Amino acid sequence: MKLNYGVMSLVPTVLAASLGCATPAHAQSAAAAPDNAPLDVHQLFATTCGWCHSDGGRAAGKGPQLMDTKRDDEFIRNRIKNGKPGAMPAFGTMFSDAQIDTIIRYIRELKPHEG
Ligand code: HEC
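Being a predicted model, the structure only gives us computed values, none of them experimental.

Topic: unusual backbone geometry
The general pattern is negative phi for most residues beyond glycine and trans for most peptide bonds.
Right, so step 1: One non-glycine residue, Asp-55, lies in positive phi territory at about 50°.
Right, so step 2: Structurally, Asp-55 can be placed in the loop between strand S1 (53–54) and strand S2 (59–60).
Right, so step 3: With a relative accessible area of 40%, Asp-55 lands in the partly exposed category.
Right, so step 4: One non-glycine residue, Asp-68, adopts positive backbone phi at about 60°.
Right, so step 5: Tracing the sequence through the fold places Asp-68 in the loop between S2 and helix H5 (73–82).

In structure tokens:
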């Protein structure tokens, strides 16, 4: 009987490759960020919030446009913390109050793209 070493030697390579894909670097760093770390809001809107608030919050997507919102700070804080059932997930456990302040400031400062 003859063993097929060609196939066997491929196995560790395939395993290593699939393990690497299971934990993308950006997911790890998001989970590991301490509560009061400075928040990269641009990154946040490029990923998490951007699924529903398009173009960094400048345009409507599944959620409304955030730029020029008429809502007050308390409303925005509440919406981010508690979400809205069936519409927006709650992020209350994900951000500290200071981080939500940063998000509110970001929304207030949103401007249309130049040009
Ligand atoms: C799954 C889609 C989804 C995601 C993800 C999402 N939102 Fe929303 N968001 C919505 C929807 C839908 C509404 C409108 C809710 C309503 O009907 O009042 C909303 C409303 C809001 C409002 C209130 C705007 C207004 O004028 O009423 C703010 C502020 C907001 N989202 C911020 C965020 C932030 C910040 C994130 C990321 C941390 C985020 N959202 C992620 C769907 C989403």
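Now, onward.
With respect to the coordination of the iron atom of the ligand
Right, so step 1: Those donors, His-53 (NE2) and Met-88 (SD), are the protein atoms that reach the iron atom of the ligand, and they lie 2.0 to 2.1 Å from it.
Right, so step 2: Between the six donor atoms coordinating the iron atom of the ligand, the angles at the centre fall across 85 to 179°, so the site counts as octahedral. Here Met-88 lies in the loop between H5 and helix H6 (97–108) and His-53 lies in strand S1, a separation of 35 residues in the sequence.

Things to note about the environment of Ile-107
Right, so step 1: The residue Ile-107 is located in helix H6 in this model.
Right, so step 2: Look at Ile-107 and you get buried, because its relative accessible area is 5%.
Right, so step 3: Considered as a pair, Ile-107 and Gln-65 are 42 residues apart in the sequence and their alpha carbons are 9.9 Å apart.
Right, so step 4: Beyond its immediate stretch of four places on either side in the chain, Ile-107 contacts Phe-45, Leu-66, Thr-69 and Ile-76.

Examining the site of the ligand
Right, so step 1: The environment of the ligand is made up of 23 residues, and the closest members are Cys-49, Cys-52, His-53, Arg-79 and Met-88.
Right, so step 2: The contact in question runs from an oxygen atom of the ligand to an N or O atom on the side chain of Arg-79, over 2.8 Å.
Right, so step 3: One of the side-chain nitrogen or oxygen atoms of Lys-84 is found 3.2 Å away from an oxygen atom of the ligand.
Right, so step 4: Contributing elements (two or more residues each) for the shell around the ligand: H5 and H6.
Right, so step 5: A breakdown of the residues in the shell around the ligand according to their chemical character gives 15 nonpolar, four polar and four charged.

The rules behind these values
- Residues numbered from 1 in each chain as written.
- Predicted model: local features only at pLDDT ≥ 70, side-chain atom pairs only at ≥ 80, totals over all residues.
- Heavy atoms only, no water.
- Helix = DSSP H or I, 4+ residues; strand = E, 2+ residues; numbered from the N terminus.
- Buried < 20%, exposed > 50% of the residue type's maximum accessible area, 1.4 Å probe, protein only.
- Donors = N, O, S within 2.8 Å, 3.2 Å for Na, K, Ca; no water.
- Tetrahedral: all angles 85-135°; square planar, octahedral: opposite > 155°, others 65-115°.
- Contact = heavy atoms within 4.5 Å.
- Near = heavy atom within 4 Å.
- Polar contact = N/O pair within 3.5 Å; in protein donor to acceptor, adjacent residues only side chain to side chain.
- Nonpolar A, V, L, I, M, F, W, Y, C, P; charged D, E, K, R; others polar.

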